[in-house]
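Structural description and commentary
Chain residues, written in single-letter form:
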Amino acid sequence: MKQPWRPTAALVRAGLGSLALALTAVLAGRSDLLVLATPLLVCTAGALQGRPKRAPRADTRLTHDSLREGEGTTVRATLTDSEDVEHVVVALTPHKFVATNPPGGARGRTLPRPSSPARVAVALVPLRWGTRLVGDGLVGATSPWAGFRWGPAEVYPKTLTTLPMPGHFDSTAPAPHPIGLVGTNPARRTGDGTEFASIRPFNPGDRIRRVHWRVSLRTGTLHVTSTLTEEDSSILLVLDALAEIGASGGINGPSSSLDVGVRAAGAVADHYLHRGDRVGLRVLGTTRHSVVGTGAGKRHHRRILDTLAHVTPGAVRSVDSRRLQFGTSAGTTVIVFSPMLSDEAVNATLTLARRGLSVIVVDTVPDDVNLGDDDLRLRLAWRLRLVERESLLRRVQSAGMPVVTWRGPGTLDEVLRKLGRRAAQPRMVRR
Amino acid sequence: MSTFSTLSRLAPQQRLIRLIVLVAPLIAVSAEAQAGATLQRWFVVAVIVSSSVAAVLPDSHTGLLVVLLVGGHWAGASPSGKSQSGWVLVIALALLLFHAGCMLASYAPSSVVLDRALLLLWLRRTTWAAAVAAIVWVVSRVASGLELPSSGLVLGAALLVLLGWTTLLARTMSGRAAGRG
């Protein structure tokens, strides 16, 4: 990082230009050439007077290392040993899905007085979820009168984790199999709760305020109102990252299938964890950070978002559904976010259904897929893929799994209610 | 190719600065013509080409070529007896403007908008340099009016005095309260 100060082209120009003119003036006895030399002579004297003695050192720092999509932070370039510096410039390397202010990512700052350390900040906004390296670029400094220049010195990137900005999601439907301890979902067994279950004869231990007086008077024996107990439920989110369909335009542009999937998974996790349910995550087709066990709470929420931010599409192209370990317990509701374009994704979903779990498939193919190119062959190939997808979706639906398109709030309401009703009915499960 | 694509994305401020770099040598050449110097076609073309290159590449040494071309041509082609005319000062100021323009354009990448503090600083410095040039011109006019001998020895002594003075001036300006002035 230690780089020497070098004379600028301006100093060479002023120095040699004024020297040539002054020497000619003296040798030829021409005072008019001395007039021409004078302004450049002043500039040379100023530049030499401000000759720097110590080379500065540059470093950059990110104000935040973790953000949501669309949130802003700053890259602060710091120059230490900068007493001889008059002007600092930082130019960041442009990165995809990272907007900077100023737009070119380069900013200069004149130091009002000799100071150390000198700082220049460039604002940046990550436009898409993910983990990326930012803040790399070049830093340069100029001495007084632009006589000497230091750098440009390279500054190294820092890791910025961009968490997905959850799409709006809300659901009024209860989870179909609440089997936990304390929660908000009406369970199948009776107990303390608010959801009405039945009116039954009084048993010792029943509370007096539960007595249903009208039925008791009519029947002549004490009857009480029983309620369903309220329990938390277990939700497993399965994200298909085997392939990404469509070109992503960031938070303000068109969405790819993985954008929809990641943001939807984040939104659903957000919703259920706020309700006190337990949520787990399994990402198909990513090399690391692919499993988050079932859990609850704010820290767990953050863990899920971090895992979603580390998703790398297509890192693993084939998944053996027989070897997949989902770590689910009985009663878990599984929500699969997938474009359903591969046999691997369909087989993994069918495997989950065969274990007797309630599985909902959320179709993440955006309405208007941005293929990124107006190539006729590409469009034809995409239409063929859609035909193939139809047959894959039929396989999923014929196995009794509802497929819904992600549309934000209320997406899962109807299917969750249907699953709740189905849960109360007897069924046969193939194991 | 990349240079031209960079030029097309210049900030308005940078465009103005580079226009100054382009025009200032032409002002110097016009002043030479006004002072009565004979302009050869090659000289004008050379100045236009070199100042255009300097406007595109302000951090190159082409600027030195412009200074030497204009200064050298004036030294060789200035009409006798008119070398102390006011046009000398115009040429000196045009060269100063050109130098300051090249310097400002090379401070940072072309997309960077230079801050107000830097522009004011250079306005002040350019004014100081112009004032010193004006004083030197007045002194040389007075000496010429008094018909003092214009020998190299006297000019050498004058140059030493000027060097000492500019150094002192630069030191004073560096040590100003604002720190940069």
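Look up: the structure comes first, before these words.
Just so we're clear, the structure is a prediction, and the values are computed from it rather than from any experiment.

**Concerning the overall build of chain A**
When helices and strands are counted, chain A shows 8 helices and 20 strands. Restricting the contact set of chain A to residue pairs at least 6 apart, pairs at least 24 apart contribute 74%. Of the roughly 20,100 Å² of accessible surface on chain A, a fraction of 53% belongs to carbon and sulfur atoms.

**Comments concerning helix α7 (residues 376-398) of chain A**
With 23 residues, α7 of chain A should reach 33 Å at 1.5 Å per residue; the first-to-last C-alpha distance of 33 Å fits that figure. Among the structural elements, α6 (343-354), β19 (358-363) and β20 (403-405) of chain A are those in contact with the buried residues of α7 of chain A.

**As for the packing of aromatic side chains**
Scanning the model with the defined rule gives 3 aromatic pairs over all chains in all. Relative to tryptophan 406 of chain A, the ring of phenylalanine 337 of chain A has its centre 6.5 Å away and its plane inclined at 70°; by these criteria the two rings are edge-to-face. Highlighted residues: phenylalanine 337 of chain A in strand β18 (residues 333-338) and tryptophan 406 of chain A in the loop between β20 and α8 (413-423), separated in sequence by 69 residues. Neither phenylalanine 337 of chain A nor tryptophan 406 of chain A differs from the other in exposure class; each is buried. Geometrically, the ring pair formed by tryptophan 42 of chain B and phenylalanine 43 of chain B is edge-to-face, given 6.1 Å between the ring centres and 75° between the ring planes.

**Quick notes on the nonpolar core**
Ranked by size, the top nonpolar core spans 90 residues in total, and within it Leu79, Val139 and Trp150 of chain A carry the most contacts. Counting residues per element, this core draws most heavily on helix α5 (residues 86-105) of chain B, at 12 residues. For valine 139 of chain A, the residues in contact, after removing those within four places along its chain, are Ala58, Ala77, Leu79, Val88, Val89, Val90, Trp150, Gly151, Pro152, Ala153 and Val155 of chain A. Among the nonpolar cores identified, the runner-up in size contains 34 residues, and Ile235, Leu239, Trp406 and Leu412 of chain A belong to it.

Conventions we followed
- Residues numbered from 1 in each chain as written.
- Chains lettered and ligands numbered in written order.
- Predicted model: local features only at pLDDT ≥ 70, side-chain atom pairs only at ≥ 80, totals over all residues.
- Heavy atoms only, no water.
- Helix = DSSP H or I, 4+ residues; strand = E, 2+ residues; numbered from the N terminus.
- Contact = heavy atoms within 4.5 Å.
- Areas by Shrake-Rupley, 256 points an atom, 1.4 Å probe, with all protein chains shown as cover.
- Expected span 1.5 Å × (residues − 1).
- Phe/Tyr/Trp six-rings, centres within 6.5 Å; stacked < 30°, edge-to-face > 60°.
- Buried < 20%, exposed > 50% of the residue type's maximum accessible area, 1.4 Å probe, protein only.
- Core = buried A, V, L, I, M, F, W, Y, C linked by side-chain atoms within 4.5 Å.

From the geometry alone we can't say anything about function, so treat these as descriptive.
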